[in-house]
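# Close look at the chain arrangement
Each chain is listed here by its residues.
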Amino acid sequence: MLLNISFKLMSLLGVYALSSAAIAHDANATFSDPAQSYRSEFVDVATLIPTALFDIRYFSGQNFVGKPIEGYNAPKCLLHKTAAAALVKAHSQAEQAGYNFKIYDCYRPQRAVDHFVRWVNDETDTKTKAAYYPNLGKDQLLGDYIAAKSGHSRGSTIDLTLTDSQGKALNMGSLFDMFDTISNTDDPRITQDQQANRYKLKNIMLAAGFSPYAMEWWHFTYQPQAYPNTYFDFVVQ
């Protein structure tokens with residue numbers, strides 16, 4: 001199985017080329033030739049896990065901004081090849097337990113994060129408040145909920161949930177991208193069944209090498225990250 005995964009990953013090299021203008025670096029990062037050194041390291045997860053469900057929210061208007069997000073030109077889940085290989089293992093475990101993955105977001109261009117920040121700073125646009133941040137003002141979203149730089153832009157982070165064998169999402173107690181403490185993995189307001197569902201997902205991802213984010217039950221990052229100090233900005237297409 002692992003040999004097959006490696007072969008598929010190698011066969012996809014050369015698909016996603018990154019230009020030097022499409023990479024942002026932290027001060028601690030050092031790079032010799034971004035145009036060559038980091039090209040072709042991201043893969044389309046659908047080519048590795050075709051049975052997973054893909055509901056890429058930022059390609060559509062079904063998200064907290066209420067419109068398609070800049071940088072998403074296709075409804076694809078792109079990940080660095082190391083994270084993608086680990087996700088294949090996690091999906092196999094989920095299938096063995098009778099579940100499937102529904103994937104909401106993967107690699108996120110820096111320009112998409114910039115779009116989020118512009119939206120936060122537009123105090124006149126509150127049309128999604130009731131659905132996504134009913135108990136918070138927009139001025140409270142920057143920081144824990146929306147960061148000026150996102151780990152998603154490094155290529156090793158994914159947002160997802162579990163579905164049953166018929167494709168129905170398990171009840172996790174809050175919507176994806178709900179900006180509220182009820183989205184915290186261990187929020188006391190959710191039911192025992194909802195907490196059990198969150199832990200089914202968490203344990204599957206932990207076993208494959210992904211670390212959870214306590215504030216968002218859907219958010220996981222593969223460790224070690226291939227580029228912990230890099231924020232890529234190439235378009236999803």
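Residues numbered from 1 in each chain as written. Predicted model: local features only at pLDDT ≥ 70, side-chain atom pairs only at ≥ 80, totals over all residues. Heavy atoms only, no water.

### A closer look at the packing of helix α3 (residues 81-96) against helix α6 (residues 192-207)
With their axes 8 Å apart at the nearest point, α3 and α6 run at an angle of 135° to one another. In this view, α3 runs oblique relative to α6, as classed from their interaxial angle. Between α3 and α6 lies a crossing of right-handed hand. Of the residues in α6, those in contact with Leu 87, Ala 90, Gln 93 and Ala 94 of α3 are Ile 204, Met 205 and Ala 207. Per-class residue counts for the contact of α3 with α6 are six nonpolar, one polar and no charged. (Axes fitted to C-alpha atoms, helices over the stretch in contact; angles between N-to-C directions. Helix = DSSP H or I, 4+ residues; strand = E, 2+ residues; numbered from the N terminus. Parallel < 35°, antiparallel > 145°, perpendicular 65-115°, else oblique. Left-handed = near helix turned anticlockwise from the far one by under 90°. Contact = heavy atoms within 4.5 Å. Nonpolar A, V, L, I, M, F, W, Y, C, P; charged D, E, K, R; others polar.)

### With respect to helix α4 (residues 110-121)
Relative to the 16 Å expected for 12 residues at 1.5 Å per residue, α4 spans 17 Å between its end C-alpha atoms, a close match to the ideal helical length. Listed as buried for α4 are Gln 110, Ala 112, Val 113, His 115, Phe 116, Val 117, Trp 119 and Val 120. In this structure, the buried side of α4 is in contact with β9 (230-232). (Expected span 1.5 Å × (residues − 1). Buried < 20%, exposed > 50% of the residue type's maximum accessible area, 1.4 Å probe, protein only.)

### Some thoughts on the pairing of strand β8 (residues 216-222)
For β8, the buried fraction is high: seven of the seven residues fall into the buried class. Two strands pair when backbone bridges link them, and strand β6 (residues 157-163) and β8 are joined in this way by three bridges, in the antiparallel orientation. The residue of β8 that forms the bridge with Ile 158 is Phe 220. Both strand β7 (residues 210-213) and β8 contribute to a ladder of four bridges, which runs antiparallel. Pairing of Ser 211 across the sheet is with Thr 221, part of β8. (Pairing = 2+ DSSP bridges.)

### Some words on unusual backbone geometry
For the bond from Gln 223 to Pro 224, the omega torsion is 0°, close enough to zero to count as cis. Mapping Pro 224 onto the fold places it in the loop between β8 and β9. Notably, Asp 177 is not glycine yet its phi reads approximately 70°, a positive angle. With respect to the element layout, Asp 177 can be found in the loop between β6 and α6. Under the relative-accessibility criterion, Asp 177 is labelled buried at 5%.

### Section: the confidence of the model for the chain
When the pLDDT values of the chain are averaged, the result is 88; 84% of them are 70 or greater. Residue range residues 1-21 is modelled with pLDDT below 50. Its contacts to residues more than four positions away, or to other chains, number 37 contacts. Long-range and interchain partners of residues 27-33, a stretch whose pLDDT sits below 50, account for six contacts in this model, where long-range means more than four residues apart. (pLDDT = per-residue confidence, 0-100.)

### Section: the pattern of salt bridges
For the structure on display, the rule yields eight salt bridges. Among the ionic pairs, Asp 125 bridges to Lys 127, the shortest N-O distance being 3.2 Å. Within the structure, one salt-bridge network assembled from shared partners comprises Asp 105, Arg 108 and Asp 159. (Salt bridge = Lys/Arg side-chain N within 4 Å of Asp/Glu carboxyl O.)

### Focus: the state of the cysteines
In total, this model carries one disulfide according to the counting rule given. At a sulfur-sulfur separation of 1.9 Å, the disulfide partner of Cys 77 is Cys 106. In this structure the cystine formed by Cys 77 and Cys 106 twists about its S-S bond by roughly -95°; its chirality is therefore left-handed. Here Cys 106 lies in the loop between β5 (100-105) and α4 and Cys 77 lies in the loop between β3 (53-54) and β4 (78-80), a separation of 29 residues in the sequence. The class for Cys 77 is buried, based on a relative accessible area of 0%. (Disulfide = S-S within 2.5 Å.)

### Concerning the environment of Ile 146
Relative to the helices and strands, Ile 146 is located in the loop between α5 (129-132) and β6. Linking Ile 146 and Val 120, residues 26 residues apart in sequence, is a C-alpha distance of 8.5 Å. Residues within four places of Ile 146 in sequence aside, it is in contact with Phe 64, Phe 116, Trp 119, Val 120, Leu 141 and Phe 179.

### What about the pairing of β6?
Among the seven residues of β6, seven are classified as buried, and the element is accordingly described as predominantly covered. What you see with β6 is no split at all: Thr 157, Asp 159, Thr 161 and Thr 163 on one side and Ile 158, Leu 160 and Leu 162 on the other are buried throughout. Pairing of β5 with β6, which is carried by five bridges, proceeds in the antiparallel orientation. Residue Phe 101 lies in a different strand from β6, and its bridge partner there is Leu 162.

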